[in-house]
Amino acid sequence: DAMVIQNPRYQVTQFGKPVTLSCSQTLNHNVMYWYQQKSSQAPKLLFHYYDKDFNNEADTPDNFQSRRPNTSFCFLDIRSPGLGDAAMYLCATTQPSSYNEQFFGPGTRLTVL
Amino acid sequence: AQRVTQPEKLLSVFKGAPVELKCNYSYSGSPELFWYVQYSRQRLQLLLRHISRESIKGFTADLNKGETSFHLKKPFAQEEDSAMYYCALSGRTGGFKTIFGAGTRLFVKA
């Protein structure tokens, strides 16, 4: 049973053309995260939500925005994708507790032409 | 500063040999340490966490606060263990963020 779902799995966009990636979860977790993962690198946190409370990482470019309309859904908007934004984008959730285990989606691979 | 260091990018062992993936951390406070694994074409998933003190797929990891380490060990590697392994840290100091190490690719040769 998929608990964290990401759509689409593969996204191709053109340089400068806005793109939206989506994530949904059936776990009812309070916290949702967006990570960027480039080849052979660790996931890099872009931002996270605790409920509707948005937390941006200091080094996340302004080009990246996010929306969380409800508990289940979270969106990543890339306003003007550049070639350097081509990567795997991972969504994850956690329920705050003493464990903070994260549950990851399968990722969306973004290609920028 | 909060940091997770995995000194080896690639670790190659023969099937049946012991394996140890190293992880050191820097954290002010009481951290929660995890090992995540990513098999080929699969999602990143939790392998084990220090607080559970469990063995998963034959892997164990002991938190050594004196050495600030959380090395992952398995006495006899299997080919299906080949994957990318990430050591990760979270705790109250960092809010709900998890900090990942750079990862170690384990390759188990037949």
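Residues numbered from 1 in each chain as written. Chains lettered and ligands numbered in written order. Predicted model: local features only at pLDDT ≥ 70, side-chain atom pairs only at ≥ 80, totals over all residues. Heavy atoms only, no water.

(A) Summary view of the environment of Thr 13 of chain A. Residue and element names in this part refer to chain A. Note that Thr 13 resides in strand 2 (residues 10–13). According to the relative accessible area criterion, Thr 13 is buried, its value standing at 5%. On a C-alpha basis, the gap between Thr 13 and Pro 81 in space is 7.9 Å, while along the polypeptide they are 68 residues apart. Sequence-distant contacts of Thr 13, that is, excluding residues within four places in its chain, are made with Pro 18, Val 19, Pro 81, Leu 110, Thr 111, Val 112 and Leu 113. (Helix = DSSP H or I, 4+ residues; strand = E, 2+ residues; numbered from the N terminus. Buried < 20%, exposed > 50% of the residue type's maximum accessible area, 1.4 Å probe, protein only. Contact = heavy atoms within 4.5 Å.)

(B) Just the side chain of Arg 49 of chain B, in detail. Residue placement: Arg 49 of chain B occurs in strand 6 (residues 45–49). Among the polar contacts made by the side chain of Arg 49 of chain B, one reaches the side chain of Glu 101 of chain A at a distance of 2.8 Å. (Polar contact = N/O pair within 3.5 Å; in protein donor to acceptor, adjacent residues only side chain to side chain.)

(C) Highlighting the state of the cysteines. Under the definition given, this model contains two disulfides over all chains. Between the sulfur of Cys 23 of chain A and that of Cys 91 of chain A lies a disulfide, 1.9 Å long from S to S. Residues Cys 23 of chain A and Cys 91 of chain A are joined through a disulfide that is left-handed, its torsion about the S-S bond being -75°. Taken together, the residues Cys 23 of chain A in strand 3 (residues 19–25) and Cys 91 of chain A in strand 9 (residues 87–94) connect sequence positions 68 residues apart. Residue Cys 23 of chain A shares its accessibility class with Cys 91 of chain A, and that shared class is buried. The side chain of Cys 23 of chain B participates in a disulfide bridge whose partner is Cys 87 of chain B; the two sulfur atoms lie 2.0 Å from each other. Torsion about the S-S bond of the Cys 23 of chain B and Cys 87 of chain B cystine: about -65°, corresponding to left-handed handedness. Placement of Cys 23 of chain B in the loop between strand 3 (19–21) and strand 4 (24–26) and of Cys 87 of chain B in strand 9 (residues 83–90) is noted, with a sequence separation of 64 residues between them. (Disulfide = S-S within 2.5 Å.)

(D) Highlighting unusual backbone geometry. Residues and elements named next belong to chain A. Cis rather than trans, the peptide bond between Asn 7 and Pro 8 has omega equal to -10°. In this structure, Pro 8 sits in the loop between strand 1 (4–7) and strand 2. Of note in this structure, Asn 28 is not a glycine but carries a positive phi near 60°. At Ser 40, a residue that is not glycine, the phi angle is positive and equals roughly 60°.

(E) Local environment of the pairing of strand 1 of chain A. Residue and element names in this part refer to chain A. Alternating positions in strand 1 separate cleanly, Val 4 and Gln 6 being buried on one face and Ile 5 and Asn 7 remaining unburied on the opposite face. Pairing of strand 1 with strand 3, which is carried by four bridges, proceeds in the antiparallel orientation. Opposite Val 4, over in strand 3, you have Gln 25 as the bridge partner. (Pairing = 2+ DSSP bridges.)

(F) Local environment of the pattern of salt bridges. Under the definition given, this model contains seven salt bridges over all chains. Residue Asp 59 of chain A pairs with Lys 44 of chain A through a salt bridge whose shortest N-O separation is 3.5 Å. Of this pair, Asp 59 of chain A sits in the loop between strand 6 (53–56) and strand 7 (64–67) while Lys 44 of chain A sits in strand 5 (residues 44–50), and the two are 15 residues apart along the sequence. Its relative accessible area of 52% is what places Asp 59 of chain A among the exposed residues. With a shortest N-O distance of 2.8 Å, Arg 49 of chain B and Glu 101 of chain A are connected by a salt bridge. Pair noted here: Arg 49 of chain B is in strand 6 and Glu 101 of chain A is in the loop between strand 9 and strand 10 (103–104), and the two residues belong to different chains. Connected through salt bridges with shared partners, the residues Glu 20, Lys 22 and Lys 73 of chain B form a single ionic network. (Salt bridge = Lys/Arg side-chain N within 4 Å of Asp/Glu carboxyl O.)

In short, shape yes, function no, at least from these values alone.
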